[in-house]
Amino acid sequence: MNFFNGLNMSLGTLSRLSDAETRSISAENRSGAKGAGGQAPAAPDSPSRDLGTGWKCHAYDRIKPGEVFTVADIDGSGALQSMWMTGDVGRHLILRIYWDDREQPAVECPVCDFFGVPWHKPGDPLTPQYFPMLNSLPVAVNPKNGLNCFWEMPFRHHCRITIENRHAAMTAALFYQVNYTLTEVPGDAAYFHAQFRRVNPLPYQDVYTILDGVRGQGHYVGTVLGCGINNNGWWGEGEIKFYLDGDEEYPTICGTGTEDYFGGSYNWDVGGYQIYSTPFMGHHQVIRPDGLYQSQQRHAMYRWHVMDPIRFKRDIRVTIQALGWRDGGRFLPEQPDICSVAFWYQREPAAAFPVLPDVDALEII
């Protein structure tokens, strides 16, 4: 019988038995240890006070302003297989994931952006108080604010997940479930990475950088893009470009337009902007002006390279132009509020990321 380690799950491998061990971390089992769930006592003022231990006594944790909360600290060899989160989630909560005792995180991103929903600010009457639905293969956002991902994230001897609360005054309630397996990890399994960037506004005639500074072998697997539009007219003529393995002035991969890269065409215009969410690509949110204070359009998009990963052996750089139209049939270099998350795997954990914007530079205004 061929050895199966319980990774790379799909319908085709679902019937195969393995020696992998399933574990799960939540507020009801902070360690993820076997038989350690549901042991919290019932607080005197909790809904479970009449029922006692074992009756939903600690469903969430609170993260104080300025606190860095450890969601998971896992020893052993294995892989994260799914995550679910909800609660007081917005740009003020920063997700970081560290592989194998590295000091630099391989994932550093606001929680909402990591799950493909950039335009959310809890408690702000000008922004939606619920996330748009996103129905893709590796990421799902479900009513009301259920954030899910199924990226497989292998580690060889240690994994640590933290969330920092950057809000100056609000203590954040966080519900979470991290499902993982302890098993043997093959030598060719790469480390998962995700990096957030934002420029607001993009300087005139600048090209927006989604990812740069990556060295080594790996493959690029996804893009989340948010655009806050500061001009009238169509804004998405810009080309996305992938510079691979020493490309300098000209890229190996050059797209034809923003909506084309995200699987649409012709401005997504069928009597107005259309939203859609499919297994690998979507334009799943449009925030429209309300005639009062909500004065700009905001768009959210994703593209997962699950079936067509972009492979690199030495390095990768990813950029996208912001182009609209001006008089005379000429392109207009636009100046949007633009943000992104790049997702990729690489052989070794990456070097230090660019410094994450501070809380004011992250704010949705």
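Residues numbered from 1 in each chain as written. Predicted model: local features only at pLDDT ≥ 70, side-chain atom pairs only at ≥ 80, totals over all residues. Heavy atoms only, no water.

**Section: the nonpolar core**
In step 1: Counting 60 residues, the largest nonpolar core has Phe114 and Trp151 as its most contacted members.
In step 2: Residue contacts for Trp151: discarding those within four places in its chain leaves Leu80, Gln81, Phe114, Pro138, Val139, Phe192, Val221, Trp304, Phe343 and Tyr345.
In step 3: Counting 31 residues, the second-largest nonpolar core is a separate cluster that includes Cys227, Trp268, Met301 and Ile310. (Core = buried A, V, L, I, M, F, W, Y, C linked by side-chain atoms within 4.5 Å. Buried < 20%, exposed > 50% of the residue type's maximum accessible area, 1.4 Å probe, protein only. Contact = heavy atoms within 4.5 Å.)

**Comments concerning the side chain of His193**
In step 1: Along the chain, the position of His193 falls in strand β13 (residues 191-199).
In step 2: A relative accessible area of 0% places His193 in the buried class.
In step 3: A polar side-chain atom of His193 sits 2.9 Å from the main-chain carbonyl oxygen of Tyr191.
In step 4: Ignoring sequence-local partners within four residues, the contact set of His193 consists of Ala106, Val107, Ala342, Phe343, Trp344, Gln346, Glu348, Pro349, Ala350 and Phe353. (Helix = DSSP H or I, 4+ residues; strand = E, 2+ residues; numbered from the N terminus. Polar contact = N/O pair within 3.5 Å; in protein donor to acceptor, adjacent residues only side chain to side chain.)

**Some thoughts on a nonpolar patch on the surface**
In step 1: Side chains of Met9, Leu11 and Leu14 sit close together on the surface and give an oily, nonpolar patch of about 360 Å² of accessible area.
In step 2: Note on placement: Leu11 falls in the segment before β1 (21-26).
In step 3: For Leu11, a relative accessible area of 80% corresponds to the exposed category. (Patch = residues over 30% accessible without salt bridge, like charges linked within 9 Å, V, L, I, M, F, W, Y side chains within 5 Å. Areas by Shrake-Rupley, 256 points an atom, 1.4 Å probe, with all protein chains shown as cover. Salt bridge = Lys/Arg side-chain N within 4 Å of Asp/Glu carboxyl O.)

**With respect to the pattern of salt bridges**
In step 1: Under the criterion given, the structure shown has 11 salt bridges.
In step 2: Among the salt bridges present, the one from Lys241 reaches Glu239, with a minimum N-O distance of 3.9 Å.
In step 3: By relative accessible area, which is 26% here, Glu239 ends up partly exposed.
In step 4: Of the charged contacts, one joins Asp308 and Arg303 as a salt bridge, the two residues approaching to 2.8 Å between their closest N and O atoms.
In step 5: The class for Asp308 is partly exposed, based on a relative accessible area of 33%.
In step 6: Its relative accessible area of 12% is what places Arg303 among the buried residues.
In step 7: By sharing partners, the salt bridges in this structure join Arg96, Glu108, Glu164 and Arg166 into a single network.

**Things to note about the environment of Pro201**
In step 1: Examined against the element boundaries, Pro201 turns out to sit in the loop between β13 and β14 (208-215).
In step 2: Residue Pro201 is classed as partly exposed on the basis of its relative accessible area, which comes to 44%.
In step 3: Between the C-alpha atoms of Pro201 and Pro336, which are 135 residues apart in sequence, the distance is 5.3 Å.

**Quick word on the sheet that holds strand β22 (residues 315-320)**
In step 1: On the basis of which strands lie adjacent, the open sheet formed by four strands has the order β14-β22-β16-β17 and antiparallel pairing. The open sheet has two edge strands, β14 and β17 (253-254), and neither has a second partner.
In step 2: Inspection of the sheet shows strand β16 (residues 240-244) paired to β17 by two bridges, in the antiparallel sense. When the sheet's bridge partners are listed, Phe242 is paired in β17 with Ile253. (Pairing = 2+ DSSP bridges.)

**Brief notes about the packing of aromatic side chains**
In step 1: If you walk through the whole model with that rule in mind, you get 22 aromatic pairs.
In step 2: Taking 6.4 Å as the distance between ring centres and 80° as the angle between the ring planes, the aromatic pair formed by Phe114 and Phe192 counts as edge-to-face. With Phe114 in helix α1 (residues 111-114) and Phe192 in strand β13, this pair connects stretches of sequence that are 78 residues apart.
In step 3: Judged by its relative accessible area of 0%, Phe192 falls in the buried class.
In step 4: Taking the centre distance of 6.2 Å and the plane angle of 50° together, the rings of Phe192 and Phe343 count as tilted. One end of the pair, Phe192, is in strand β13; the other, Phe343, is in strand β25 (residues 337-346), with 151 residues separating them in the sequence.
In step 5: Phe343 sits in the buried class, given a relative accessible area of 0%.
In step 6: Counting every residue linked through ring pairs, the aromatic cluster contains Phe114, Phe115, Trp151, Phe192, Tyr302, Trp304, Phe343 and Tyr345.
In step 7: The lysine or arginine in question, Arg298, covers the ring of Trp119, its NZ or CZ lying 4.7 Å from the ring centre.
In step 8: Taking the ring centre of Tyr243 as reference, the NZ or CZ of Arg317 above it sits at 3.9 Å. (Phe/Tyr/Trp six-rings, centres within 6.5 Å; stacked < 30°, edge-to-face > 60°. Lys NZ or Arg CZ within 6 Å of the ring centre and 35° of its normal.)

**A closer look at the environment of Ser295**
In step 1: Topologically, Ser295 is positioned in the loop between β19 (281-287) and β20 (298-304).
In step 2: A distance of 2.7 Å separates a polar atom in the side chain of Ser295 from a polar atom in the side chain of Gln296.

Function cannot be inferred from these measures alone, as they are strictly geometric.
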